[in-house]
Amino acid sequence: MWDANKQLASKIMLNTGYTEKEDFFTLGIESSCDDTSIAILKNDVKLCNITATQKIHEQFGGVVPEMASRQHLSHILPLIHEALKLANITLIQINAIAYTLGPGLIGSLLIGTSFAKGLSVALNIPLIEVNHMDGHILAHLIRETEKDPVFNEFPFLCLTVSGGHTQISIVKEDLSIDIIGRTIDDAAGEAFDKVAKMLGLPYPGGPHIDRLAQLGDPSTYHFSTSNLNNYDFSFSGLKTSVLYTLKKKQQENPSIVTDDISNICASLQDTITKYLMSQMQKALSEYKVKAIALAGGVAANSSIRKAFLALGKKNKVQALIPSFEYCTDNAAMIAIAGYYKRNMNEKSGLRSIPYAKNK
Ligand code: KG4
Ligand code: ZN
């Protein structure tokens, strides 16, 4: 069937003098927080996706915005040169620039935004602004090779869990993204990071909790979460629950945190995992979908990944787990979102201004 269509198409092309559509190269720029990332896609296929991570913030226990902006400034140009080398193309072959306009740190966003605007003027090519959270979700549409099937799992429910956001959205074939639930206070990543700080672990604490949890028993402690009626989340109570539980235990054993750190981490991770899954299950009971997808930095968590696969199996829908490369902030997710937005004729001008929070 496909071959017959292809033959017909080439006949039409010959008769009309129309040549086959050329490949479309999208340059992606991500600079919303502390990672400078550049990617190049050929249509929806990734050619390269490189990131300069800023280690400087570790010593301060969190991202220092001014330092992040300065580091973006020094990383962005060498990364562009390296990306072009890796993709084996020249700058003039780039057809469009997709960049993160927000949400994020304003100084960091301004570096990527100004660079994208300047380059689009210099090359006289379209500029496409992308919402960072949409990028995390649409990362599932990236193909690694031309041989991979084109993504077709619509509609799907996406659980996006990152350092700044936690949301459940429904994504339809026209790529519209409707948020049906979100955190009313802290994000899931913040819960990991804040408790990690309480336990004396380095920033960002999520991966450290994940590692220590492997050695612990998740049933040791009971930490409470807020049971909300809709699909929203609340994580600020969990942090307080951990604080009071540990304070109480410290009366019997002042060094409980160091003595029992693996069990504390395992219990916290288990509580967060079960909470996220229970809200997703609620959404799955109401929305008929073809698949569920996981996105954002916290999607790297081993317990959440495992539980997500089990949730898909239980509900007989496909569970899409991103590779680690697409969990953390990266420019390929911005480039794919830009590629599809451009196909829908969405462009942005030079007047767009970065925003810190989702509107
Ligand atoms: O999406 P992301 O890279 O940046 C934001 O846009 O926020 O997410 C960063 C968050 C941090 O809170 C970090 O602790 C968390 O992702 N994270 C993890 C793991 N790896 C990263 N949390 C739990 N387990 C992990 N393995
Ligand atoms: Zn992110």
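Definitions and limits used
- Residues numbered from 1 in each chain as written.
- Chains lettered and ligands numbered in written order.
- Predicted model: local features only at pLDDT ≥ 70, side-chain atom pairs only at ≥ 80, totals over all residues.
- Heavy atoms only, no water.
- Helix = DSSP H or I, 4+ residues; strand = E, 2+ residues; numbered from the N terminus.
- Buried < 20%, exposed > 50% of the residue type's maximum accessible area, 1.4 Å probe, protein only.
- Pairing = 2+ DSSP bridges.
- Axes fitted to C-alpha atoms, helices over the stretch in contact; angles between N-to-C directions.
- Parallel < 35°, antiparallel > 145°, perpendicular 65-115°, else oblique.
- Left-handed = near helix turned anticlockwise from the far one by under 90°.
- Contact = heavy atoms within 4.5 Å.
- Salt bridge = Lys/Arg side-chain N within 4 Å of Asp/Glu carboxyl O.
- Core = buried A, V, L, I, M, F, W, Y, C linked by side-chain atoms within 4.5 Å.
- Near = heavy atom within 4 Å.
- Polar contact = N/O pair within 3.5 Å; in protein donor to acceptor, adjacent residues only side chain to side chain.
- Areas by Shrake-Rupley, 256 points an atom, 1.4 Å probe, with all protein chains shown as cover.
- Nonpolar A, V, L, I, M, F, W, Y, C, P; charged D, E, K, R; others polar.
- pLDDT = per-residue confidence, 0-100.

## Concerning the environment of Leu215
Next, step 1: Note that Leu215 resides in the loop between α6 (206-213) and α7 (236-252).
Next, step 2: For Leu215, a relative accessible area of 66% puts it in the exposed group.
Next, step 3: C-alpha separation for the pair Leu215 and Ile261, spaced 46 residues apart in sequence, amounts to 9.4 Å.

## A short note on the pairing of strand β9 (residues 291-295)
Next, step 1: Most of β9 sits out of view: five of its five residues are buried.
Next, step 2: Taking every second residue as pointing to the same face, both faces of β9 are buried, with Ala291, Ala293 and Ala295 on one and Ile292 and Leu294 on the other.
Next, step 3: In the sheet, β9 pairs with strand β10 (residues 318-320) via three bridges, with the strands oriented parallel. Along β10, the bridge assignment pairs Ala293 with Leu320.

## Notes on the packing of α7 against helix α9 (residues 261-286)
Next, step 1: Across the interface, α7 lies against α9 with an axial gap of 12 Å and an inter-helix angle of 150 degrees. Relative to α9, the element α7 lies roughly antiparallel. For α7 against α9, the interelement crossing comes out right-handed. Judged by residue contacts, Leu238, Val242 and Leu246 of α7 engage Ile264, Leu268, Thr271 and Ile272 from α9.

## Some words on the sheet that holds β10
Next, step 1: As summarised here, the arrangement of the five strands in space is β8-β7-β6-β9-β10, forming an open sheet in which the pairing is mixed. Two strands lie at the open edges of the sheet, namely β8 (177-182) and β10, each paired on one side alone. Strand-to-strand twist of the sheet, defined as the mean angle between neighbouring strand axes without regard to direction, takes the value 20 degrees.

## Regarding the pattern of salt bridges
Next, step 1: With the rule as written, the count across this model stands at twelve salt bridges.
Next, step 2: Residues Glu325 and Lys46 are paired through a salt bridge, measuring 3.1 Å at the closest nitrogen-oxygen approach. Taken as a pair, Glu325 in helix α11 (residues 324-327) and Lys46 in strand β3 (residues 45-53) lie far apart in primary sequence, 279 residues in all.
Next, step 3: Overall, Lys46 belongs to the buried group, its relative accessible area being 17%.
Next, step 4: With a closest N to O distance of 2.8 Å, Arg70 and Glu66 form a salt bridge. Taken together, the positions of Arg70 and Glu66, both in helix α2 (residues 65-87) and four residues apart, correspond to about one turn of that helix.
Next, step 5: For Arg70, a relative accessible area of 57% gives the class exposed.
Next, step 6: A cluster of three or more residues bridged by salt bridges with shared partners is formed by Asp186, Glu190, Lys194 and Lys239.

## Concerning the nonpolar core
Next, step 1: Ranked by size, the top nonpolar core spans 48 residues in total, and within it Leu157, Leu159, Leu199, Phe235, Leu268, Leu276 and Ile292 carry the most contacts.
Next, step 2: Every residue in contact with Leu268, bar those within four places of it in the chain, is listed here: Phe192, Val195, Ile209, Phe223, Leu238 and Val242.
Next, step 3: Core analysis: the second largest hydrophobic core is formed by 32 residues, Ala96, Phe151, Cys158 and Ile334 among them.

## A look at the site of ligand 1
Next, step 1: Among the 18 residues in the neighbourhood of ligand 1, the closest are listed as Gly163, Asp193, Asp210, Gly297 and Asn301.
Next, step 2: Within the contact set of ligand 1, an oxygen atom lies 3.4 Å away from a backbone nitrogen or oxygen of Gly164.
Next, step 3: One of the side-chain nitrogen or oxygen atoms of Asp210 is found 2.9 Å away from a nitrogen atom of ligand 1.
Next, step 4: Within the complex, 86% of the 560 Å² of free accessible area of ligand 1 lies under protein.
Next, step 5: Broken down by secondary-structure element, the contributors of at least two residues to the shell around ligand 1 are α4 (132-138), α5 (188-198) and α6.
Next, step 6: Counted by class, the shell around ligand 1 contains five nonpolar, ten polar and three charged residues.

## Re the confidence of the model for the protein chain
Next, step 1: Of the residues in the protein chain, 94% have a pLDDT of 70 or more, and the chain-wide mean is 92.
Next, step 2: In the model, residues 1-20 has pLDDT below 50 throughout and makes three contacts with residues more than four positions away in sequence or in other chains.

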